[in-house]
Amino acid sequence: MAEFKEPTFRENVDLMFNRAVALMDIAPGLEEKIRVVNSTYTVRFGVRLRDRIHTFTGYRAVHSEHLEPVKGGIRYATAVNQDEVEALAALMTYKCALVEAPFGGSKGGLCIDPRDWNEHELELITRRFAYELIKRDLIDPAQNVPAPDMGTGEREMAWIADQYARMNTTDINSRACVTGKPLNNGGIAGRVEATGRGVQFALREFFRHPEDVAAAGLDGTLEGKRVIVQGLGNVGYHAAKFLHEEDGARITGIIERDGALFDEKGLDVEAVREWIVRHGGVAGFPDAAHTADGAEVLETECDILIPAALEGVINLGNADRIKAPLIIEAANGPVTAGADDILRRKGVVIIPDMYANAGGVTVSYFEWVKNLSHIRFGRLQRRQEEARHKLVVDELERLDRYLGDAWSLRPEFKQKYLRGADELELVRSGLDDTMRIAYQDIREIWHGREDVADLRTAAYICAISRVVASYRAKGI
Ligand code: NAD
């Protein structure tokens, strides 16, 4: 097979940034200031485990502090390196700007395979890593707020929050030092599934615009669309589950570390997930064809391809063979800049990462606000809202009695209308609104400018112009 020389992840992000900036009118020098990563801290620390000291390497990159705190996940993976966290930190800056979450961009990572360690060992490692970052203000409610990413989840975020609280015993806002915490530990309803939910909301919004759907050579709604998902982790699982259960999409392919499952009639996402949890992979799943070469399924015909695992999986080596007319980047950076060029020329529509997976940071923003306000969303208004709705229902019931058989109040209306919104409903509504508005902002640029041919360039232009405005307001 031919060897293709690809730029690094950070270079890929810069190439995409440069393509957008070339179409913008930005003050001389400001473009470079925005593009570069402000700082990257590397830490090597030791933890005594299994009767010896193990040394771990971790990073926290801060891309832009035009707004603070800066925000971005912490990833646990063996492939974590400086280039990767810097690329991801830059994407966080643009992502936050795009969905109007008032944060700069940051990202962290630890070179570790979490499957190599038991829970107690992982806690010791996480606490030590957190300690190293906290003492340098690289975790702080006002300066730098991490969240989960690949290989981390609620459990790790709870350890980090507790570590911060132990080191800052009088900080009343300590819980806001990290998001993605468990609900009983300062978390918010709906955060675990937020990124996958955001992918669903992004696709729903895309399908509300028939001309955009037609640009991808598709028509109709999400109902019956064939979807292939790579990575059935937090993001991929929730996106696939919701698209199947709520929008009627058919999940025809699931690609995991150990190969892929394929079934033209549609896979049972829940059953596959359970199988992965029990067996550590998809191999052996009884109700579908298994192929050991997952990459093959990436190139299989479908309507929507959702890469939700790693960066760089669609690259110069396979872009030509990708058959999906619509790709939604649930993962960060799954399509390299070179592959993006090829796919664009082929007419493939790509819903870019900085928008597609912004649901996570959006709900993290809500969690941070909740932590700072020290009250659950909806706690004050819910019953008052119900009481006001009851006034209307009482009047309608009076009318019902008066009109007799001619009209009657449907019991399900009464039940639905009376109920005040709880935190989960408010979070979903805020996420839906955010995803809709951000898409509309991007498509306005996509369709409104002759020189912008794709959603990614439009998203970069939208995000960069907001960062520029922020710098201008500061007078830098
Ligand atoms: P995760 O660790 O929960 O899941 C990743 C999944 O990908 C796992 O099931 C893993 O087995 C699978 N995988 C790993 N290597 C693979 C390979 N070579 N081929 C196929 N599958 C493979 O991680 P996640 O949180 O779902 O994150 C996935 C992507 O989404 C990352 O790019 C991350 O940066 C991005 N993202 C996550 C969030 C979030 O809230 N968790 C938010 C925004 C973006």
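Residues numbered from 1 in each chain as written. Predicted model: local features only at pLDDT ≥ 70, side-chain atom pairs only at ≥ 80, totals over all residues. Heavy atoms only, no water.

**A closer look at the overall build of the protein**
Then, in step 1: On a plain count of helices and strands, the protein comes out with 17 helices and 13 strands.
Then, in step 2: Against the 2.2 N^0.38 benchmark of 23 Å for 476 residues, the protein shows a C-alpha radius of gyration of 23 Å, consistent with a compact globule.
Then, in step 3: Reported as C-alpha extents along the three principal axes, the dimensions of the protein are approximately 80 × 55 × 55 Å.
Then, in step 4: Counting the 476 residues in the protein, one finds 56% classified as buried.
Then, in step 5: Sequence-distant contacts, at least 24 apart, represent 70% of the contacts inside the protein between residues at least 6 apart.
Then, in step 6: When the accessible surface of the protein is totalled, it reaches about 21,000 Å², and 49% of it is carbon and sulfur. (Helix = DSSP H or I, 4+ residues; strand = E, 2+ residues; numbered from the N terminus. Rg over C-alpha atoms; globule rule 2.2 N^0.38 Å. Buried < 20%, exposed > 50% of the residue type's maximum accessible area, 1.4 Å probe, protein only. Contact = heavy atoms within 4.5 Å. Areas by Shrake-Rupley, 256 points an atom, 1.4 Å probe, with all protein chains shown as cover.)

**Description of the pairing of strand β2 (residues 52-64)**
Then, in step 1: Most of β2 is tucked away: 10 of the 13 residues are buried.
Then, in step 2: Pairing geometry for strand β1 (residues 39-49) and β2, over 11 bridges, is antiparallel. Paired with Gly 46 across the bridge in β2 is Thr 55.
Then, in step 3: Between β1 and β2, which pair antiparallel in sequence order, lie 2 residues; one of them, Arg 50, sits at a positive phi of approximately 50°. (Pairing = 2+ DSSP bridges.)

**Comments concerning the site of the ligand**
Then, in step 1: The full set close to the ligand counts 22 residues, and Arg 75, Asp 149, Thr 195, Glu 256 and Asn 332 are the nearest of them.
Then, in step 2: Contacts to the ligand include Gly 151, whose backbone N or O atom sits 3.1 Å from an oxygen atom.
Then, in step 3: A distance of 3.3 Å is found between an oxygen atom of the ligand and a backbone nitrogen or oxygen belonging to Gly 233.
Then, in step 4: Counting residues per element, the ones that place at least two in the shell around the ligand are α8 (234-247) and β8 (250-256).
Then, in step 5: Tallied by class, the residues present in the shell around the ligand amount to 9 nonpolar, 8 polar and 5 charged. (Near = heavy atom within 4 Å. Polar contact = N/O pair within 3.5 Å; in protein donor to acceptor, adjacent residues only side chain to side chain. Nonpolar A, V, L, I, M, F, W, Y, C, P; charged D, E, K, R; others polar.)

**Observations concerning the sheet that holds strand β13 (residues 349-351)**
Then, in step 1: The mixed open sheet is built from 7 strands, whose spatial order is β10-β9-β8-β7-β11-β12-β13. For this open sheet the edge positions go to β10 (289-291) and β13, each flanked by a neighbour on one side alone. Here the strands of the sheet are splayed against their neighbours by 20° on average, with no regard to which way each runs.
Then, in step 2: Pairing of strand β7 (residues 226-230) with β8 involves 5 bridges; the strand directions are parallel. Residue Ile 228 lies in a different strand from β8, and its bridge partner there is Gly 253.
Then, in step 3: Against the sheet, helix α6 (residues 194-207) makes contact with β11 (304-307), β12 (326-328) and β13, and its axis sits at roughly 145° relative to β12, the strand it touches most. (Axes fitted to C-alpha atoms, helices over the stretch in contact; angles between N-to-C directions.)

**Focus on the domain arrangement of the protein**
Then, in step 1: Parsing the protein into structural domains produces domain 1 (40-187), domain 2 (194-359) and domain 3 (379-420).
Then, in step 2: For domain 2 and domain 3, the distance between their C-alpha centres works out to 42 Å. (Domains from an automatic or database assignment.)

**Looking at the pattern of salt bridges**
Then, in step 1: Taken as a whole and assessed by the stated rule, the structure comprises 50 salt bridges.
Then, in step 2: Three or more residues joined by partner-sharing salt bridges are found here, namely Arg 19, Glu 329, Asp 340, Asp 341, Arg 344, Asp 353, Asp 454 and Arg 456. (Salt bridge = Lys/Arg side-chain N within 4 Å of Asp/Glu carboxyl O.)

**Some remarks on the side chain of Arg 60**
Then, in step 1: Within the secondary structure, Arg 60 sits in strand β2.
Then, in step 2: No salt bridge is formed by the buried Arg 60; the nearest opposite charge belongs to Asp 149, separated by 9.2 Å.
Then, in step 3: Polar contacts involving the side chain of Arg 60 include one to the main-chain carbonyl oxygen of Gly 73, which spans 3.2 Å. (Lys, Arg positive; Asp, Glu negative; His and termini not counted.)

**A closer look at the environment of Gly 108**
Then, in step 1: If you trace the backbone, Gly 108 turns up in strand β5 (residues 104-111).
Then, in step 2: Residue classification places Gly 108 among the buried positions, given a relative accessible area of 0%.
Then, in step 3: Separated by 88 residues in the primary sequence, Gly 108 and Gly 196 have C-alpha atoms spaced 21 Å apart.
Then, in step 4: Apart from residues no more than four positions distant in its own chain, Gly 108 is found in contact with Tyr 59, Arg 60, Gly 73, Ile 74, Arg 75 and Val 85.

**Quick look at the packing of α6 against helix α13 (residues 359-373)**
Helix packing geometry: the angle between the two helix axes and the distance between the axes.
Then, in step 1: Where α6 meets α13, the closest approach of the two axes is 7 Å, and the angle between their N-to-C directions is 120°. Taken together, the axes of α6 and α13 are oblique relative to one another. Viewed along their axes, α6 and α13 form a crossing whose handedness is right-handed. Taken together, the residues of α13 that come into contact with α6 (itself represented by Ala 194, Thr 195 and Gly 198) are Gly 359, Gly 360 and Val 363. (Parallel < 35°, antiparallel > 145°, perpendicular 65-115°, else oblique. Left-handed = near helix turned anticlockwise from the far one by under 90°.)

**Re the packing of aromatic side chains**
Then, in step 1: Using the criterion set out here, one finds 13 aromatic pairs in the structure.
Then, in step 2: A centroid spacing of 5.2 Å and a plane angle of 75° characterise the contact between Phe 103 and Trp 368, whose relative ring orientation is edge-to-face. In this pair, Phe 103 sits in the loop between α3 (82-98) and β5 while Trp 368 sits in helix α13, placing the two residues 265 residues apart along the sequence. An identical accessibility class is assigned to Phe 103 and Trp 368; each is buried.
Then, in step 3: Note on Tyr 365 and Phe 366: the rings are 5.9 Å apart at their centroids and 35° apart in plane angle, and the pair reads as tilted.
Then, in step 4: Exposure remark for Tyr 365: the relative accessible area of 23% places this residue in the partly exposed category.
Then, in step 5: Ring pairing ties together the aromatic residues Phe 45, Phe 56, Trp 117 and Phe 129, which thus form one cluster.
Then, in step 6: Above the face of the Phe 242 ring, Arg 197 is positioned so that its terminal group lies 3.6 Å from the ring centre. (Phe/Tyr/Trp six-rings, centres within 6.5 Å; stacked < 30°, edge-to-face > 60°. Lys NZ or Arg CZ within 6 Å of the ring centre and 35° of its normal.)

**Some words on the nonpolar core**
Then, in step 1: Membership of the largest hydrophobic core comes to 93 residues, with the highest contact counts inside it found for Tyr 94, Phe 206, Leu 326, Tyr 460 and Ile 464.
Then, in step 2: Top contributing element to this core by residue count: helix α17 (residues 455-474), with 11 residues.
Then, in step 3: When residues of this core are sorted by domain, at least three fall in each of domain 1 (40-187) and domain 2 (194-359).
Then, in step 4: Grouped together as the second largest cluster of nonpolar side chains are 28 residues, Phe 45, Leu 49, Phe 56 and Ile 139 included. (Core = buried A, V, L, I, M, F, W, Y, C linked by side-chain atoms within 4.5 Å.)

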